[in-house]
Amino acid sequence: MEPISRRTFLGSVAASVAFTANGQLAFSQEVPGAQQMRIRESLAGRLAADLPAFDGVFVFDQSVCRAMATDYGHHIHHLPLGALLPKSVMDVQKAVRFANSHDLKLSMRGTGGAAYGQSQVKAGIVIDSSTLSHIAWVGADSIDAGPGALWKEIVEFTTTRQMTPPVVPDSLYISVGGTLNAGGLGETSYRCGAQVDHVVELDVVTGTGDLLTCSPSRHADLIQMVLAGMGQCGLIVRARLRLVPSPDQVVVRRFTYEKSGDFLSDLAMLASAESEGAIAGDFNLESDGKTWTPVITITSIRSREPAWLSQITGKQTQAAITQSFVEYLNRNTEEYMATLASGARFLPHVYMHFFLPAGQTPAMVDYLMNTPGATLGADEIAVFPMINANFKQTLQRMPVGSLSYHMRIYRVAAQEGSPDHLRMLELNQKECLPRIFASEGTVYLPFSPLLDSSQRLRQFGQSAWNRLMAAKATYDPRGVLTPGAGLAHLDAKEPLESTRSRTALVHPW
Ligand SMILES: Cc1cc2nc3c(=O)[nH]c(=O)nc-3n(C[C@H](O)[C@H](O)[C@H](O)COP(=O)(O)OP(=O)(O)OC[C@H]3O[C@@H](n4cnc5c(N)ncnc54)[C@H](O)[C@@H]3O)c2cc1C
């Protein structure tokens, strides 16, 4: 499939689309008569006759549906029947009610950043949230954001008043709705928890099409099962986010290590000692393709020397760098733009992100560093320390103990469906997942293969799982919402063979 970004294709949608306006199937002038006839006779065309009138547009165009049938992973492809570009919250409600009455599945899609098909719907409806991206101040220290607002837009908005969300993701080009469904982690998470820990209230369209405002004091069961809930109980159509003052400048220091044990110990020490900053650890693969160098990057907001400098055991390889806070937030923007320009954004990303109890992490590091082939496709493995007590949301479940490490294996394959790509999927599913759960760890759902029923129980724990299923039965009784996340809709794990055949089916259209 030709790489095409969502925003690019949305720009070109007007060129040749079949869409419904006021409940009627209509075509732009460029669509040939024979194609119009084919669409009218298709299932989509027949459904179109029943579609409600939307403020936005409901699109059947194949280029739109194809773009919705892939994501950052590029190994799972479910072609939807159509996509809604909503103009109002009422559009979202109408689409959900339509899905209920026509026995269709439906999901909302942010940027398609999740890598295992979580935002996709086979023969159903995808609601593209990018058209709901308003941002507005609410008092001096919070904002309301539409689900499709990108974090880039959020921080550009808030830093004009020297404010920032407490946790900002590494890439700014993912949506508010998407990260609040995933959890939302950043370099400050060790002390601030996840983005879902800083939500004041949400407007949610439930699986029955009702619009509910929920907060810790209002429909508390709903907000708890929506935050980090991968779209199972409702679609977020507005999020009120708490902000904190942002610094003008930050100071960045980098340290390298020879031994992974010293690297992990320093990350643990810093998680307690650096009370205001941001921490990131990485194993970087050297150009010899064999040696992994551990590096810690600490971003402090005070210019004076931090007290931990006397305790750190790593070697400072370059002088501290002072930069503006906005430059720091955008530290990955240039590289992200380069991946778009070069097409690398559209390579298969076979990421595996997870959390391990501190005591189990050295064994995983040892497995990755010392097992031939275990790191296939990765030239960076990130490691972040996390103080578990700072994560308060039920579905953002952390391992037991006071400290854990969040690890991210960034595998990228050169070609979809290639032997290396399949081997990377197999490594994640057959090697990493069993090790993570055997170590009492948990996964980060957008960057994990779909879980089987026993893994889901280990992920959430029996009590949280029961609560999620009870909320699903209440708020999405017909099981319409977000089948791609593989949480409530799959009774058995998708076997690897199915992933293989789906990977082989890279272009089902
Ligand atoms: C380049 C890149 C960098 C990343 N960096 C980070 C990072 O630093 N920290 C981090 O935590 N994560 C990171 N992620 C992962 C990211 O948080 C998840 O992939 C998240 O799901 C992305 O948001 P999205 O807008 O792409 O969501 P999508 O992938 O479109 O959606 C994710 C899931 O949420 C559902 N969903 C989306 N919007 C809504 C909504 N409004 N209501 C209900 N359900 C919804 C979808 O149906 C799907 O199941 C990164 C991803 C990418 C691609």
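Everything quoted here is computed from the prediction, not taken from an experiment.

Got a minute to help me understand the site of the ligand in this structure?
In the vicinity of the ligand, 33 residues are found, and the nearest of them are T111, G113, S175, L185 and Y444. Backbone polar atom of G110 to an oxygen atom of the ligand: 2.7 Å apart, as the coordinates give it. Protein contacts shield 97% of the accessible area of the ligand, which totals 940 Å² for the unbound molecule. At the level of secondary structure, the elements contributing two or more residues to the shell around the ligand comprise β5 (106-109), α7 (176-182) and β12 (234-242). Tallying contributions element by element places α7 first for the shell around the ligand, with four residues. Taken together, the residues of the shell around the ligand break down into 13 nonpolar, 17 polar and three charged. Viewed by domain, the shell around the ligand spans two of them, domain 1 (6-131) and domain 2 (132-509), each represented by three or more residues.

What is the right way to look at the environment of Q415 in this model?
Mapped onto the fold, Q415 is located in the loop between β21 (403-411) and α14 (419-438). Take Q415: its relative accessible area is 53%, and that puts it in the exposed class. Considering only alpha carbons, one finds Q415 and L347, 68 residues apart in sequence, at a separation of 6.5 Å. When sequence neighbours within four positions are dropped, the list of residues in contact with Q415 reads P348 and H421.

What's the story with empty space enclosed by the protein in this structure? I'm lost.
Any space left empty among the atoms is revealed by the rolling of a water-sized probe across them. Inspection of the entire model under this criterion finds six cavities of 30 Å³ or more. Empty space within the second largest cavity amounts to approximately 70 Å³. Q118, M230, L445, S448, P449, L450, L451, R456, A485, G486 and L487 together form the lining of the second largest cavity. In terms of residue class, the lining of the second largest cavity is built from seven nonpolar, three polar and one charged.

Cut-offs and rules
Residues numbered from 1 in each chain as written. Predicted model: local features only at pLDDT ≥ 70, side-chain atom pairs only at ≥ 80, totals over all residues. Heavy atoms only, no water. Near = heavy atom within 4 Å. Polar contact = N/O pair within 3.5 Å; in protein donor to acceptor, adjacent residues only side chain to side chain. Areas by Shrake-Rupley, 256 points an atom, 1.4 Å probe, with all protein chains shown as cover. Helix = DSSP H or I, 4+ residues; strand = E, 2+ residues; numbered from the N terminus. Nonpolar A, V, L, I, M, F, W, Y, C, P; charged D, E, K, R; others polar. Domains from an automatic or database assignment. Buried < 20%, exposed > 50% of the residue type's maximum accessible area, 1.4 Å probe, protein only. Contact = heavy atoms within 4.5 Å. 1 Å grid on protein atoms, 1.4 Å probe; cavity = no way out; pocket = protein on both sides within 12 Å on 5 of 7 lines; lining within 4 Å. Points joined across faces, edges and corners; volume = space filled by probe spheres on them.

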